[in-house]
Amino acid sequence: MTIDISPAVRAAFAPTGVLRASINLGNPILANTGADGAPGGVSVDLARELAALLDLPLELVVFDAAGKSVEAVAGGQADFGFFAIDPVRGADIAFTAPYVLIEGYYLVKEDSPITGNAQVDDAANRVVVGKGSAYDLYLTRELRQAAIVRSPTSPTVVEVFLEQGAEVAAGVKQQLEADVARHGGLRLLDQRFMVIQQAMGLPKVRGAQAAQVLRDFVERMKASGFVDAALARHGVKGASVAPAA
């Protein structure tokens, strides 16, 4: 796949002359901090590839939560980012098709009477989610009876769940599995409650041409095997490359 980059498209992507990538460290599957303190991961690899395609210098703008990362792109403090597709976010952000699919799971205490997803939406339950995360947006729409408790970031969900003695925690399967191993006395329910479509996006005000270039870029990265290789290189398990759009 050949992607032609015009000066107008380059200017639309990076009006400051520097391509600013919004990186969310709150999703450890796609971004994290390495031993050297620098951000790395699948999303960082993709950001570097996009900067190379556009022939622009890259700046990583790092956040600890998805909501902050989205706000930075929607508000123009960053030029593009990596987000779960959601209709609320789609008001200001033009999304590509997904490049990775991630599973969302519920976690409960080992002795909890909750054994299946259908039991979660009950007035007696408090469900802890990361503020502004894909799970927060989704469960805010879907849960009718359970109360939602929002932790500051996705990695702090289980910490808040334990501190408040809540009934359910919701998040990325791999993060919750790591929390089970670290804390003990916890278990995941045996079925996912959602599949997150992780995509790239840029502000809609940057125009249709830039949005199309970003969509074409994601399709090329999937088709070439780049995304699959990046997942393997960073040891990511439990996430899969999304099918071609």
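Cut-offs used in this document
- Residues numbered from 1 in each chain as written.
- Predicted model: local features only at pLDDT ≥ 70, side-chain atom pairs only at ≥ 80, totals over all residues.
- Heavy atoms only, no water.
- Buried < 20%, exposed > 50% of the residue type's maximum accessible area, 1.4 Å probe, protein only.
- Helix = DSSP H or I, 4+ residues; strand = E, 2+ residues; numbered from the N terminus.
- Pairing = 2+ DSSP bridges.
- Right-handed = clockwise from strand over helix to strand, strands pointing away.
- Salt bridge = Lys/Arg side-chain N within 4 Å of Asp/Glu carboxyl O.
- Core = buried A, V, L, I, M, F, W, Y, C linked by side-chain atoms within 4.5 Å.
- Contact = heavy atoms within 4.5 Å.
- Phe/Tyr/Trp six-rings, centres within 6.5 Å; stacked < 30°, edge-to-face > 60°.
- Lys NZ or Arg CZ within 6 Å of the ring centre and 35° of its normal.
- Axes fitted to C-alpha atoms, helices over the stretch in contact; angles between N-to-C directions.
- Parallel < 35°, antiparallel > 145°, perpendicular 65-115°, else oblique.
- Left-handed = near helix turned anticlockwise from the far one by under 90°.
- Nonpolar A, V, L, I, M, F, W, Y, C, P; charged D, E, K, R; others polar.

Most of strand β8 (residues 126-130) is tucked away: 4 of the 5 residues are buried. By the bridge criterion, 5 bridges tie β8 to strand β9 (residues 147-151) in an arrangement that is parallel. Paired with Val128 across the bridge in β9 is Val149. Once you follow β8 into helix α4 (residues 134-142) and on to β9, the crossover reads as right-handed. Relative to strand β10 (residues 168-172), β8 runs parallel, the two sharing 2 bridges. What sits directly across from Val127, in β10, is Val168.

Attention now goes to the pattern of salt bridges. This structure, assessed with the given rule, holds 11 salt bridges. With a shortest N-O distance of 3.0 Å, Arg141 and Asp86 are connected by a salt bridge. Here Asp86 lies in the loop between β5 (80-84) and β6 (93-95) and Arg141 lies in helix α4, a separation of 55 residues in the sequence. For Arg141, a relative accessible area of 32% gives the class partly exposed. The shortest N-O distance in the salt bridge between Glu167 and Arg126 comes to 3.1 Å. With Glu167 in the loop between α5 (157-164) and β10 and Arg126 in strand β8, the pair connects residues that are 41 residues apart, well separated along the chain. Members of the salt-bridge network, linked through shared partners, are Arg20, Asp79 and Arg206.

What follows concerns the nonpolar core. Of all hydrophobic cores here, the largest spans 61 residues; its most connected members are Phe13, Leu50, Tyr99, Tyr106, Val127 and Phe217. Of all the elements, helix α2 (residues 42-54) adds the most residues to this core, at 8 residues. Apart from residues lying up to four places away in sequence, Phe13 is in contact with Leu19, Leu50, Leu54, Asp79, Leu202, Arg206, Ala210, Val213 and Leu214. Formed by 12 residues, the second largest nonpolar core is a distinct cluster that contains Val157, Val160, Ala166 and Leu186.

This part takes up the packing of aromatic side chains. Per the counting criterion, the structure on display carries 6 aromatic pairs. Plain terms: the ring middles of Phe82 and Tyr99 are 6.3 Å apart, the flat faces sit at 85° to each other, and that makes the pair edge-to-face. Taken together, the residues Phe82 in strand β5 and Tyr99 in the loop between β6 and β7 (100-109) connect sequence positions 17 residues apart. There is no split in this pair, since Phe82 and Tyr99 are both buried. A ring pair is formed by Tyr106 and Phe193, whose centres lie 4.2 Å apart and whose planes are at 15°; its orientation type is stacked. One end of the pair, Tyr106, is in strand β7; the other, Phe193, is in the loop between β11 (186-188) and β12 (194-203), and 87 residues separate them in sequence. Assigned by exposure class, Tyr106 and Phe193 land together as buried. One cation-aromatic arrangement involves Lys109 over Phe161; the distance from NZ or CZ to the ring centre is 5.3 Å.

With their axes 9 Å apart at the nearest point, α2 and helix α8 (residues 226-233) run at an angle of 140° to one another. Judged by the angle between their axes, α2 and α8 are oblique. At the point where α2 passes α8, the crossing takes the right-handed sense. Residues Val42, Asp45, Leu46 and Glu49 of α2 form the contact with α8, whose own contacting residues are Phe226, Val227, Ala230, Leu231 and Arg233. Each residue belonging to the contact of α2 with α8 can be placed in one class, and the counts come to 6 nonpolar, no polar and 3 charged.

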